[in-house]
Amino acid sequence: MARNAAADPSRRDKLKLLGYMVGTALFFGVTLLISFFLVIVAINSIKIPAEVASNILMLGLVPPSVATFLLFTKVFGRFI
């Protein structure tokens, strides 16, 4: 049985995809830390009660998730 060379990704393509995935993970991690930091600063400056603050803290997940989705679909989608 002959292998189809066009269906087999090359080593360069695999490394490029790995680079995109690592870049996306780093981008998500950095934006997550920044977002949580900003949410914590906002919670402290507005003086939100402690029983509500934990629920507000979950809003810190939204910007990195949306930004990573947009980065991967709009920016990296053109190159993959």
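Scroll up a little and you will see the structure.
Quick caveat: nothing in here was measured; it's all calculated off a predicted structure.

Q: I'd like a rundown of the overall build of the chain, residues and numbers included.
A: Helix and strand counts for the chain come out as 3 helices and 0 strands. Ordered by position in the sequence, the α and β elements of the chain form the string α-α-α. Within the chain, contacts between residues separated by at least 24 positions form 71% of all contacts whose residues are at least 6 apart in sequence. Carbon and sulfur atoms make up 73% of the accessible area of the chain, which amounts to about 6400 Å² in all.

Q: Which residues make up the packing of helix 1 (residues 11-46) against helix 2 (residues 50-57), and what values go with them?
A: At their nearest, the axes of helix 1 and helix 2 sit 10 Å apart, and the two run at 155° to each other. Taken together, the axis directions place helix 1 and helix 2 in an arrangement best described as roughly antiparallel. As for how helix 1 packs across helix 2, the hand of that crossing is right-handed. Here helix 1 contributes F36, V39, I40 and I43 to the contact with helix 2, which in turn contributes A53, I56 and L57.

Q: Can you lay out helix 3 (residues 62-75) for me, pointing to particular residues and giving the numbers?
A: Helix length check: helix 3 (14 residues) gives 19 Å between terminal C-alpha atoms against 20 Å at 1.5 Å per residue, within 8%. Along helix 3, the positions that sit buried rather than exposed are P64, T68 and L71. Along helix 3, the residues classed as buried sweep out an arc of 60° about the axis, all on the same side. Looking at helix 3, the residues exposed on the side facing more than 90 degrees away from the buried face are F69 and K74. Summarising the contacts, the buried residues of helix 3 are in contact with helix 1.

Q: I'd love a proper account of the packing of helix 1 against helix 3, names of residues and values included.
A: A pair of packed helices can be characterised by two numbers: the angle between their axes and the separation between those axes. Two elements in contact, helix 1 and helix 3, have axes separated by 9 Å at closest approach and are oriented at 155°. Comparing their axes, helix 3 and helix 1 come out roughly antiparallel. The interaxial crossing formed by helix 1 with helix 3 has right-handed handedness. Across the interface between the two elements, M21, T24, F27, F28, T31, L32 and S35 from helix 1 touch P63, P64, S65, A67, T68, L71 and F72 from helix 3.

Q: Summarise a nonpolar patch on the surface; cite the residues concerned and give the values.
A: Taken together, the side chains of V30, I34, F37, L38 and V41 present a nonpolar region at the surface, about 480 Å² in accessible area. Note on placement: V30 falls in helix 1. Classification of V30 as partly exposed rests on a relative accessible area of 48%.

Q: Residue-level account of the environment of A67, with values.
A: For A67, the position within the fold is in helix 3. A67 gets classed as partly exposed once you look at its relative accessible area, which sits at 27%.

Definitions and cut-offs
Residues numbered from 1 in each chain as written. Predicted model: local features only at pLDDT ≥ 70, side-chain atom pairs only at ≥ 80, totals over all residues. Heavy atoms only, no water. Helix = DSSP H or I, 4+ residues; strand = E, 2+ residues; numbered from the N terminus. Contact = heavy atoms within 4.5 Å. Areas by Shrake-Rupley, 256 points an atom, 1.4 Å probe, with all protein chains shown as cover. Axes fitted to C-alpha atoms, helices over the stretch in contact; angles between N-to-C directions. Parallel < 35°, antiparallel > 145°, perpendicular 65-115°, else oblique. Left-handed = near helix turned anticlockwise from the far one by under 90°. Expected span 1.5 Å × (residues − 1). Buried < 20%, exposed > 50% of the residue type's maximum accessible area, 1.4 Å probe, protein only. Arc of directions from axis to C-beta. Patch = residues over 30% accessible without salt bridge, like charges linked within 9 Å, V, L, I, M, F, W, Y side chains within 5 Å. Salt bridge = Lys/Arg side-chain N within 4 Å of Asp/Glu carboxyl O.

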